[in-house]
Amino acid sequence: MISRRGLLRGTAGLATLPLLPRSLQAQAEGPQLLEARPAQAQIAPEGYPKTDVWSYGGALPGAEIRVAQGSRLTRKLVNSLPAPTSVHWHGIRIDNAMDGVPGVTQKAVQPGETFLYDFDVKDAGTYWYHSHNQSFEQVARGLHGPLIVEESDPPDVDRDEVLVLDDFRLDPETGQIASFENMHDFSHGGRVGNIAVTNGVFNATLTAEQNERLRLRLINVANAKIFELELRGLEGWVVALDGMPLDSPIRISERLLLAPAQRADLIVDVTAEPGAEAHLVRFEGDEGYSQVLFSVREKASDSRRDPPLPLPPNPDMAVTDLDDAMQSQLRMEGGAMRGFASAHMNGREVGFREAAQSGKFWALNGTLGMPDAPLFVAERGQTVRVMMQNDTVFPHAMHLHGHHFREVLPGGGLGPLRDTLLMFADERREIAFVAHNPGDWVFHCHMLTHAASGMMTRIKVLA
Ligand code: C2O
Ligand code: CU
């Protein structure tokens, strides 16, 4: 195992690794290219070999795409990989044909071929893009990047930092990405790495000034890792989750959990003094590690600013008519330690052992993998409620494409808008949303080995 720097250990002698440069803003005339291709990256600390990765444009993570709310985003995917691929624009309320799901919204793009993605971006916020073909392998090899949609009236901050949180499983000898043929990853908690990185680098370091106000856009692109985060020398608020503004900022007073695919926008003030360090701390059990170190150089001002205002809401997000909603259910079963009695696979009922032999471990409503019929068919504009029951012993990060939902809380309140809901073992939780976006939308676990081994279904919204 590669050792990780402990939080409070001395930092003398640690290399200060620069972050990857920002891409230029999308403003060219013709379609800009998004080339998926092999590359090399220094993921492990210096002294270790570079790692062979799959990248967008040679960078890990892929170059940041930053556009204005209400604009059109156009990228021509060029597949220079040795495998078919596609791009999914995670969290974007997108035209269904541009959603990037092979077998559902498009054909996989073969090596040497291209695909033009071209769509309106209605909502401001923090999103990301990633491969949606063989995702458990391709995203883990590096095919992901941040997609930032700027508000026309952005909050008053000194700096906007995108922090892509990830982990890799590297062979400690060679520094190369470990094999994907590991049944334990499929049947248990997913492929968790042995080195955690931010923006593709281990021990990410930034500079900061006391009383500086930062917007931190956290994106968890890991295959299965749930990041447990705390702030040290930073104080602030969560202002958006999964891209969508909270009705009012929530002061950060406890650990923040970020499941695979989830995002959190924080507005934080640097409270550490000049010469000191601030940290975004990652917890592994009781041990804290520095996920991002902010080395505080000077004082930006003598005092902190007033608490931030809420971000402007995105259009047409109301979840209404809960009492007249269509009701649906999603039962999650399978995995190690509990399994299932029987489930539907390729037109017949199979037991857990037989399913496992075909590499399928998880069932949604008794079916392993994409069912013949959608979970439900909704009229456009209809409110839908889905009661989800996690009958497994593992957590799952359930992601619905093309829509954001709110959790219907026990007692009747509504949770924040999200596109990915983290559900722990034996939890039963209900979500509600307005099916406003026509098309076939997949609904799956974002622990990507789980999606690949059964936790995948879809819904249909009529035009
Ligand atoms: Cu981010 Cu279907 O995925
Ligand atoms: Cu899962």
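Up top you'll find the structure we're talking about.
About the cut-offs
Residues numbered from 1 in each chain as written. Chains lettered and ligands numbered in written order. Predicted model: local features only at pLDDT ≥ 70, side-chain atom pairs only at ≥ 80, totals over all residues. Heavy atoms only, no water. Donors = N, O, S within 2.8 Å, 3.2 Å for Na, K, Ca; no water. Helix = DSSP H or I, 4+ residues; strand = E, 2+ residues; numbered from the N terminus. Buried < 20%, exposed > 50% of the residue type's maximum accessible area, 1.4 Å probe, protein only. Pairing = 2+ DSSP bridges. Salt bridge = Lys/Arg side-chain N within 4 Å of Asp/Glu carboxyl O. Polar contact = N/O pair within 3.5 Å; in protein donor to acceptor, adjacent residues only side chain to side chain. Axes fitted to C-alpha atoms, helices over the stretch in contact; angles between N-to-C directions.

**Focus: the coordination of the copper ion (ligand 2)**
Part 1 of the argument: In the first shell of the copper ion (ligand 2), the protein supplies H396 (ND1), C445 (SG) and H450 (ND1), at 2.0 to 2.1 Å from the metal.
Part 2 of the argument: One chain supplies every donor to the copper ion (ligand 2), and in sequence these donors are spaced H-x48-C-x4-H. Here H396, found in strand β26 (residues 396-400), pairs with H450, found in helix α4 (residues 448-452); they are 54 residues apart in sequence, far enough to count as distant. With respect to class, H396 is no different from H450; both count as buried.

**Comments concerning the pairing of strand β15 (residues 244-251)**
Part 1 of the argument: Where strand β14 (residues 234-241) lies against β15, four bridges are found, and the strand directions are antiparallel. Looking at the pairing, L241 lines up with M244 of β15.
Part 2 of the argument: Once β14 ends, the chain turns through two residues before running back antiparallel as β15, passing D242 with a positive phi of about 50°.

**As for the sheet that holds β26**
Part 1 of the argument: As summarised here, the arrangement of the five strands in space is β24-β32-β31-β26-β29, forming an open sheet in which the pairing is mixed. Each of the sheet's edge strands pairs with one partner strand only, and the pair in question is β24 (377-378) and β29 (420-423).

**Quick notes on the pattern of salt bridges**
Part 1 of the argument: Counted by the stated rule, this structure contains 37 salt bridges.
Part 2 of the argument: A salt bridge links E137 to R141; the shortest N-O distance between them is 2.8 Å. Of this pair, E137 and R141 both sit in helix α1 (residues 135-141), four residues apart, which is roughly one turn of that helix.
Part 3 of the argument: With relative accessibility at 21%, the residue R141 sits in the partly exposed group.

**Section: the side chain of N199**
Part 1 of the argument: The topology assignment puts N199 in the loop between β10 (195-198) and β11 (204-210).
Part 2 of the argument: Classification of N199 by relative accessible area gives buried; the value is 9%.
Part 3 of the argument: Within the local environment of N199, its side chain forms a polar contact with the backbone nitrogen of V164, the two atoms lying 2.7 Å apart.

**Quick word on the sheet that holds strand β7 (residues 125-131)**
Part 1 of the argument: Spatial strand order, β3-β8-β7-β5: four strands in an open sheet with mixed pairing. Looking at strand neighbours, the two that pair on one side only are β3 (65-68) and β5 (87-90), the edges of this open sheet. Averaged over all pairs of adjacent strands, the angle between strand axes in this sheet comes to 20°, irrespective of strand direction.
Part 2 of the argument: Bridging between β3 and strand β8 (residues 144-150) involves four bridges; their strand directions are parallel. Note that in β8 the partner of R66 across the bridge is I148.

Don't take any of this as a statement about function, it's just geometry.
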